[in-house]
Amino acid sequence: MEAVGRNERNEAVRRVVVGVTGTPGNLSALHRAAAEARARDAALWPVLAWQPPGGELGSRNSLGPSALAACRAAAVERLREVLATAFGALEPGVTLVGHTVRGTPGAALVDTARDPEDLLVVGTGSRAPMRRLVRPSVARYCLAHAACPVLTVPPSVLKADLDAVHRRNVWRIPLDPRELTS
């Protein structure tokens with residue numbers, strides 16, 4: 001991996017590392033990372049972290065090498081899908097170097113963006129109280145442990161509207177047409 005981080009003259013190659021999951025909020029972070037990479041003349045490194053079913057402890061005795069290879073292949077395919085969704089047929093306008101890393105998202109991103117010249121971009125996502133209990137914040141982990149600058153990207157303002165529509169559908173609350181005009 002060291003050879004990838006240097007060019008022919010042994011100068012450090014600038015990278016913008018971004019965590020990807022495919023969620024709408026994360027796509028905002030991916031597009032912001034692409035814009036930062038273009039502005040800095042840097043390579044864009046989207047990173048998708050994956051873990052085997054049951055996590056690392058659960059997989060030690062139950063999964064063989066073929067199952068782990070299948071998990072890794074699924075992660076690679078998911079990364080391709082996310083990049084196709086984000087950029088479609090258009091190229092992001094920068095060198096794109098996708099990575100799948102086995103591990104937790106925060107640790108995978110911090111390990112990948114280990115050079116002080118890197119920029120790490122993470123989405124902040126929804127931090128509802130229940131979600132905080134179940135899943136720790138990747139952005140907080142990265143801010144606390146990264147050796148490079150970290151750019152946090154808040155969710156799109158449209159995400160709150162989408163969440164409100166989903167809540168309305170779950171509770172079967174009728175839509176008032178007057179709400180559409182405001």
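Here, every reference points to the structure presented above.
How each quantity is defined
Residues numbered from 1 in each chain as written. Predicted model: local features only at pLDDT ≥ 70, side-chain atom pairs only at ≥ 80, totals over all residues. Heavy atoms only, no water. Helix = DSSP H or I, 4+ residues; strand = E, 2+ residues; numbered from the N terminus. Buried < 20%, exposed > 50% of the residue type's maximum accessible area, 1.4 Å probe, protein only. Contact = heavy atoms within 4.5 Å. Pairing = 2+ DSSP bridges. Axes fitted to C-alpha atoms, helices over the stretch in contact; angles between N-to-C directions. Left-handed = near helix turned anticlockwise from the far one by under 90°. Nonpolar A, V, L, I, M, F, W, Y, C, P; charged D, E, K, R; others polar. Salt bridge = Lys/Arg side-chain N within 4 Å of Asp/Glu carboxyl O. Parallel < 35°, antiparallel > 145°, perpendicular 65-115°, else oblique.

### With respect to the overall build of the chain
Okay, step 1: Along the chain, the regular secondary structure elements total 7 helices and 5 strands.
Okay, step 2: Start at the N end of the chain and walk to the C end: the helices and strands fall as β-α-β-α-α-β-α-β-α-α-β-α.
Okay, step 3: Counting the 182 residues in the chain, one finds 30% classified as buried.
Okay, step 4: Across the chain, contacts joining residues at least 24 apart in sequence account for 75% of those joining residues at least 6 apart.

### Observations regarding the sheet that holds strand β1 (residues 15-19)
Okay, step 1: The strand order across the open sheet built from 5 strands is β3-β2-β1-β4-β5, with neighbouring strands paired in parallel fashion. With one partner strand each, in any of the chains shown, β3 (99-102) and β5 (150-153) form the two edges of the open sheet. Between one strand and the next, the sheet's axes are offset by a mean angle of 25°, whatever the strand orientation.
Okay, step 2: Bridging between β1 and strand β2 (residues 43-50) involves 5 bridges; their strand directions are parallel. The partner of G19 across the bridge, within β2, is V47.

### A short note on the packing of helix α4 (residues 105-112) against helix α6 (residues 138-145)
Okay, step 1: Relative orientation of the contacting elements α4 and α6 amounts to 35°, with a least axis distance of 8 Å. Seen from above, α4 lies across α6 with right-handed handedness. Side by side, α4 and α6 meet where P105, G106, A107, L109 and V110 of the first sit next to V138, Y141, C142 and H145 of the second.
Okay, step 2: The residue makeup of the contact of α4 with α6, split by class, is 7 nonpolar, 2 polar and no charged.

### Re the pattern of salt bridges
Okay, step 1: All chains considered together, the criterion is met by 5 salt bridges.
Okay, step 2: The shortest N-O distance in the salt bridge between R15 and D118 comes to 2.5 Å. Of the two residues, R15 is situated in strand β1 and D118 in the loop between α4 and β4 (119-123); the sequence distance between them amounts to 103 residues.
Okay, step 3: A salt bridge links R32 to E36, with the nearest nitrogen and oxygen atoms 3.2 Å apart.

### A look at α4
Okay, step 1: Looking only at α4, the buried set comprises G106, A108, L109, V110 and T112.
Okay, step 2: Of the surrounding elements, those touching the buried residues of α4 are β1, β2, β3, β4 and α6.

### Describing the environment of T104
Okay, step 1: Residue placement: T104 occurs in the loop between β3 and α4.
Okay, step 2: Taking the C-alpha atoms as reference, T104 lies 7.0 Å from Q51; in sequence the two are 53 residues apart.
Okay, step 3: Once residues lying within four places of it in the same chain are set aside, the contact partners of T104 are A49 and Q51.

### What about the packing of helix α1 (residues 24-40) against helix α3 (residues 65-87)?
Okay, step 1: Running from amino to carboxyl end, α1 crosses α3 at an angle of 70°, the nearest separation of the two axes being 10 Å. As summarised for this structure, α1 and α3 are arranged roughly perpendicular, according to the angle between their axes. Here L27, L30, H31 and A34 of α1 lie close against α3, whose contacting residues are V82, L83, T85, A86 and F87.
Okay, step 2: Among the residues forming the contact of α1 with α3, the class breakdown is 7 nonpolar, 2 polar and no charged.

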